[in-house]
Amino acid sequence: MADIRPFRCVRPRADIVSRVAALPYDVYNRAEAKVEVEREPLSFLAIDRAETSLPDEVDTYDPAVYAHAKELYQARISDGTYEHDPDFAYFIYELVMDGRSQVGLVAVASIDDYVNGVIKKHENTREDKEIDRITHVDTLGAQTGPIFLAYRADEVIDGVVGKTRKTTPLYDFTEPDGVTHRVWKIADSDDVYTIEKAFAGIDAVYIADGHHRAASAVKVGLKRRESSGKIDDGSRRESDYFLSVLFPHEQLKIMDYNRTVADLNGLNEDEFLNRIREDFDVEQADAPVRPETKGTFGMYLDKKWYRLRAHESLYAGKDAVAALDVSVLQDYLLGPVLGIGDPRTDKRIDFIGGIRGLSELERRADTDMKVSFSMYPTSIDELFDVADAGLLMPPKSTWFEPKLRSGIFIHEIDA
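Residue positions within a chain follow its written sequence, with the count starting from 1. Per-residue local features are limited, in this predicted model, to residues with pLDDT of at least 70; the limit for side-chain atom pairs, both in listing and counting, is 80 or more; totals at the level of whole chains, interfaces and linings are taken over all residues. Heavy atoms throughout the structure, all of them, feed into the side-chain values; hydrogens and water do not.

**Things to note about the sheet that holds strand β18 (residues 349-353)**
Two strands in a sheet stick together by hydrogen bonds in their backbones, pointing the same way (parallel) or opposite ways (antiparallel). Strand order in the open sheet formed by six strands is β15-β17-β16-β19-β14-β18, with antiparallel pairing between adjacent strands. Since the sheet does not close on itself, it has two edges, and those belong to β15 (280-285) and β18, each with one partner. Taken pair by pair, the neighbouring strands of this sheet meet at an average axis angle of 25°, ignoring direction. By the bridge criterion, five bridges tie strand β14 (residues 257-261) to β18 in an arrangement that is antiparallel. Paired with Tyr257 across the bridge in β18 is Gly353. The contact rule is simple, with two residues in contact once any of their heavy atoms fall within 4.5 Å. Convention adopted: a line fitted to C-alpha atoms gives each axis, helices being fitted over their contacting stretch, and angles between N-to-C directions are expressed from 0 to 180 degrees. A run of DSSP states H or I qualifies as a helix once it reaches four residues; a run of E qualifies as a strand once it reaches two. Both are numbered from the N-terminal end. Packing against the sheet, helix α10 (residues 269-276) makes contact with β15, β16 (296-301), β17 (304-310) and β19 (371-374), and its axis sits at approximately 175° to β16. By this definition, two strands are paired if DSSP reports at least two bridges between them.

**Structural notes on the side chain of Thr81**
Position of Thr81 among the secondary structure elements: in the loop between α4 (63-78) and β3 (82-84). In this scheme, a residue with accessible area under 20% of its type's maximum is buried, one over 50% is exposed, and one in between is partly exposed, where area comes from a 1.4 Å probe on protein chains only. A relative accessible area of 4% places Thr81 in the buried class.

**Examining the environment of Gly221**
Relative to the assigned elements, Gly221 resides in helix α9 (residues 211-228). For Gly221, a relative accessible area of 1% gives the class buried. Gly221 sits 192 residues away from Ile413 along the chain, and the two C-alpha atoms are 8.6 Å apart. Apart from residues no more than four positions distant in its own chain, Gly221 is found in contact with Ile111 and Ser239.

**Details of the packing of α4 against helix α6 (residues 127-140)**
At their nearest, the axes of α4 and α6 sit 9 Å apart, and the two run at 40° to each other. By the angle between their directions, the pair α4 and α6 is classed as oblique. The element α4 and its partner α6 pack so that their crossing is right-handed. Side by side, α4 and α6 meet where Tyr66, Ala67, Ala69, Lys70 and Tyr73 of the first sit next to Asp132, Thr135, His136, Thr139 and Leu140 of the second. Classes in brief: Ala, Val, Leu, Ile, Met, Phe, Trp, Tyr, Cys and Pro nonpolar; Asp, Glu, Lys and Arg charged; the others, Gly included, polar. Per-class residue counts for the contact of α4 with α6 are five nonpolar, three polar and two charged. The scheme is simple: roughly parallel for angles under 35 degrees, roughly antiparallel for over 145, roughly perpendicular for 65 to 115, oblique for anything else. Here a crossing is taken to be left-handed if its near helix is turned anticlockwise relative to the far helix by less than a right angle, and right-handed if that turn runs clockwise.

**Concerning the packing of aromatic side chains**
Aromatic pairing here means that ring centres of Phe, Tyr or Trp (its six-membered ring) are within 6.5 Å. Orientation follows from the plane angle: under 30 degrees is stacked, over 60 is edge-to-face, and everything else is tilted. All told, the structure shown has 13 aromatic pairs when counted by the stated rule. Taking the centre distance of 5.0 Å and the plane angle of 45° together, the rings of Phe148 and Phe247 count as tilted. Of this pair, Phe148 sits in strand β8 (residues 147-151) while Phe247 sits in strand β12 (residues 241-248), and the two are 99 residues apart along the sequence. Looking at Phe148, the relative accessible area reads 3%, which means it is buried. Between Tyr300 and Trp305, the aromatic rings sit 5.3 Å apart at their centres with planes inclined by 50°, giving tilted as the arrangement. When sorted by exposure, Tyr300 lands in the same class as Trp305, which is buried. Feature note: the residues Phe7, Phe91, Tyr93 and Phe409 constitute an aromatic cluster, connected by ring pairs. Taking NZ or CZ as reference, Lys121 lies 4.1 Å from the ring centre of Tyr114, over its face. Looking at Arg133, its charged tip hangs above the ring of Tyr25, at a distance of 3.8 Å from the centre. For a lysine, the NZ atom is tested; for an arginine, the CZ atom; a charge sits over a ring if that atom is within 6 Å of the ring centre and within 35 degrees of the ring normal.

Following this line, the structure appears as C-alpha cells:
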C-alpha cells in the first residue's frame with residue numbers, strides 16, 4: 001500500500017512566487033540556463049544550476065557548484081524569499097495550459113515504496129545523471145524538484161481536492177510561457193488523515209516523469225539511513241521520503257514524442273518506400289499528418305507527407321512494450337530499414353517533443369536530417385501496463401506537458 005504523507009513545506013512568498021518558479025533544471029543546456037538566470041535572478045534555476053553564476057571554465061559538476069547552490073539557497077532563506085511552514089500539510093497544484101487543467105496533490109512519497117515496487121518505474125536511469133542530483137540534494141539537504149507521479153483516480157481523494165479548490169488559492173500566477181499555476185494548502189487534520197488513509201488503500205503509484213530525480217532522492221535517503229545507524233528502528237526521517245506531485249490518471253495527457261533520421265541508410269526514395277510497404281500501408285497526404293489512432297504514423301520526406309498504417313499482424317501476441325507504437329516503428333522500420341540499431345546511442349536519430357509541433361519535423365528533415373516521423377502518443381494506460389509488467393519503455397516514449405515548476409515546493413531532509 002502507498003505511503004504518501006504530508007510534509008512541512010519550504011515555499012516562496014506569494015508576492016514573488018512567479019519570479020521564483022522555474023522549469024526543471026534539465027530542460028536547459030548551460031548557456032540557456034545562464035541566459036534565463038540573467039533574465040530573472042530570483043529564478044530557482046539559479047540554485048538548481050548554480051554554475052550559471054560561476055565562471056564558464058568551472059565544470060558543471062565541480063564540487064564548488066554544489067557548495068555554491070547551498071550558499072544561494074541559505075541566502076534565500078535568510079532574506080525571506082523562502083519561508084518555512086510550521087505544520088504538516090498536503091498541497092494542491094493546478095496547472096492550466098491551452099485551457100486544459102491538470103490538478104495534482106503535492107506530498108512526500110516513501111523511498112521504501114520505491115525500493116519495494118509499490119512505486120513503479122518504466123525507464124532505466126543513467127548513473128552520471130543520478131550522481132549530479134544525488135550531490136545536489138545531499139549538499140542542499142533539500143529536495144527541490146518534485147517527482148511527477150500518477151495513480152488510478154480515487155473518489156475519496158478527489159472529494160477533498162474538489163472541496164479545497166473552492167477556497168482562495170495561496171498562489172495564482174501565469175508564467176511567460178502562458179501556463180497558469182495555482183496552489184492550495186490542505187492542513188485540516190481530518191482532511192490530511194482522509195488523504196493519507198486513502199493512499200494507504202492504493203496498491204500502486206507510477207513514476208510518470210522524473211526517474212533520475214526519484215532514483216537520486218532514494219539513494220540519498222538510503223545513504224542517510226545507513227549512516228544514522230537506525231536502519232530498522234521504525235522511526236520516520238524526512239530523508240525517508242521524497243517530494244512528489246501525484247496526479248490521478250484521468251488528469252494526465254501524454255504528448256507525442258517524434259523522431260527524425262539523418263539519411264535513408266543508402267536507399268533511394270523509391271527503394272525506401274518499397275521496403276516500408278512490406279509492413280505498412282503507405283499513402284501520400286496533402287497536409288501534415290498528426291496520427292489520430294494507434295497504429296498510424298506520419299512521415300515527412302522530400303517535402304511530402306505520408307500516412308503510414310502498420311499491418312495488424314505487427315501487434316498480434318505482443319507484450320506491453322512490443323505493442324507500443326514507438327516499438328513497432330523501431331522494430332519494423334527504424335531498425336531493419338534505416339539501420340537504427342540502438343536509438344539510445346545512434347547519432348543518426350534525434351527525438352522531438354510534440355510540444356514543438358509538426359513544423360519542427362519538417363524543418364529538421366529539410367535541413368540537417370532527411371526523414372521525420374510523427375507519432376500517436378503513448379497512453380497513460382499503456383504506461384501503467386508496462387510498469388505493472390515490470391518492463392521498461394523504449395527511450396523517448398512519453399512527453400508530458402505542462403512541466404512541473406521547481407522552487408514552489410521544497411522538502412528539507414535530515415541533516
